[in-house]
Each structure stands twice: as C-alpha cells, then as structure tokens.
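# Coordinate inspection notes
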Amino acid sequence: MEARAESKYIRIAPRKVQIVCDLIRGKDVGVAQGLLMQTPKAASEVLIKLLKSAAANAENNHDMDPDSLYVAQVFATGGPILKRGRPRAHGRMFRINKRTSHITLVVKEREA
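We now turn to the structure provided with this report.

Procedures and definitions
- Residues numbered from 1 in each chain as written.
- Predicted model: local features only at pLDDT ≥ 70, side-chain atom pairs only at ≥ 80, totals over all residues.
- Heavy atoms only, no water.
- Phe/Tyr/Trp six-rings, centres within 6.5 Å; stacked < 30°, edge-to-face > 60°.
- Lys NZ or Arg CZ within 6 Å of the ring centre and 35° of its normal.
- Core = buried A, V, L, I, M, F, W, Y, C linked by side-chain atoms within 4.5 Å.
- Buried < 20%, exposed > 50% of the residue type's maximum accessible area, 1.4 Å probe, protein only.
- Helix = DSSP H or I, 4+ residues; strand = E, 2+ residues; numbered from the N terminus.
- Contact = heavy atoms within 4.5 Å.
- Pairing = 2+ DSSP bridges.
- Polar contact = N/O pair within 3.5 Å; in protein donor to acceptor, adjacent residues only side chain to side chain.
- Axes fitted to C-alpha atoms, helices over the stretch in contact; angles between N-to-C directions.
- Parallel < 35°, antiparallel > 145°, perpendicular 65-115°, else oblique.
- Left-handed = near helix turned anticlockwise from the far one by under 90°.
- Nonpolar A, V, L, I, M, F, W, Y, C, P; charged D, E, K, R; others polar.

## Some remarks on the packing of aromatic side chains
- Inspection of the entire model under this criterion finds 0 aromatic pairs.
- The side chain of Arg-110 reaches across the aromatic face of Tyr-70, ending 4.3 Å from its centre.

Here it is, written out as structure tokens:
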C-alpha cells in the first residue's frame, strides 16, 4: 500500500529539485522532514509541504500508521518551459529558459 502526493508547475528547475530529492529518498518521514528543514535550498520548502501532504494522505485515506512511514519514491520531472528574452547587442535577443518541475513523492509503510 502506498500514498502519493504531487506538486505540478513549480518554478524551480528539475535538476535543482533532484539534488534535494536524493537526500530524502529511503528515509523515514520524520527524519526526512528534519533533513529538509535544515537544508538551505529553495526546493526544500516545496518538498516539506509535499511530504506532509503525502503523510496526511497515507494516514487519512489509506489508514496507515504515521510512525512507520518512509519515503519510497521521490522524483522531479520537467514541466513546461517559460521562454523569456534578454536584449543583446545590435537588436538581437538571447533566450532565457525558465524551467518548471513536476514533483512526485510516494510514501509506504515499513513492515514490522
């Protein structure tokens, strides 16, 4: 049995989110939340909300024990890219890609 939470169209590049995802994969929910609170990355705030949501989904929707939950999967995939421009010499424009992320977090219950 698993519970999941998804967050879409987050305005952080997926490769920056993936660094923080690697920190919490496989950890207990309490340990993962403590790690995220001490991590000075922009993606950690989003992942804290997502972790709390997935834990609440597990407890309320699937009747899982909140003390035995762990992060089974967490990954970030690329969302749509916002294309912006920066003016350059001779009337040209350089493109700036503002990347977005779709983040998925899955929690499962540890067997005793």
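Structure's up, so let's keep going.
## Thoughts on the nonpolar core
- Leu-47, Leu-51, Ile-103, Leu-105 and Val-107 are the most contacted members of the largest nonpolar core, which has 28 residues in total.
- Counting residues per element, the ones that place at least two in this core are β1 (2-10), α1 (14-24), α2 (29-38), α3 (42-61), β2 (69-78) and β5 (101-109).
- Counting residues per element, this core draws most heavily on α3, at 9 residues.
- For Leu-47, the contacting residues outside a window of four places in its chain are Val-20, Cys-21, Leu-36, Val-74, Ile-103 and Leu-105.

## Remarks on the pairing of strand β4 (residues 93-98)
- As defined by bridge partners, strand β3 (residues 82-87) adjoins β4 across 6 bridges and the pair is classed as antiparallel. By the bridge assignment, Lys-83 is partnered in β4 with Asn-97.
- Connecting the antiparallel pair β3 and β4 is a turn made up of 5 residues, with His-90 showing a positive phi of about 60°.

## Remarks on the side chain of Ser-44
- Mapped onto the fold, Ser-44 is located in helix α3.
- Note on Ser-44: relative accessible area 3%, which makes it buried.
- A polar side-chain atom of Ser-44 sits 2.6 Å from the main-chain carbonyl oxygen of Lys-41.
- Here Ser-44 is in contact with Val-20, Leu-36 and Thr-39, once residues within four sequence places are set aside.

## Looking at the packing of α1 against α3
- Running from N to C, α1 and α3 cross one another at 60°; their axes reach a closest spacing of 9 Å. One way to sum up the angle between α1 and α3 is to call them oblique. Crossing angle aside, the handedness with which α1 passes α3 is right-handed. Of α3, the residues touching α1 (which contributes Lys-16, Val-17, Val-20 and Cys-21) are Ala-43, Ser-44 and Leu-47.
- Its residues assigned to classes, the contact of α1 with α3 comprises 5 nonpolar, 1 polar and 1 charged.

Fair warning: the whole summary comes from geometry, so function is off the table for now.
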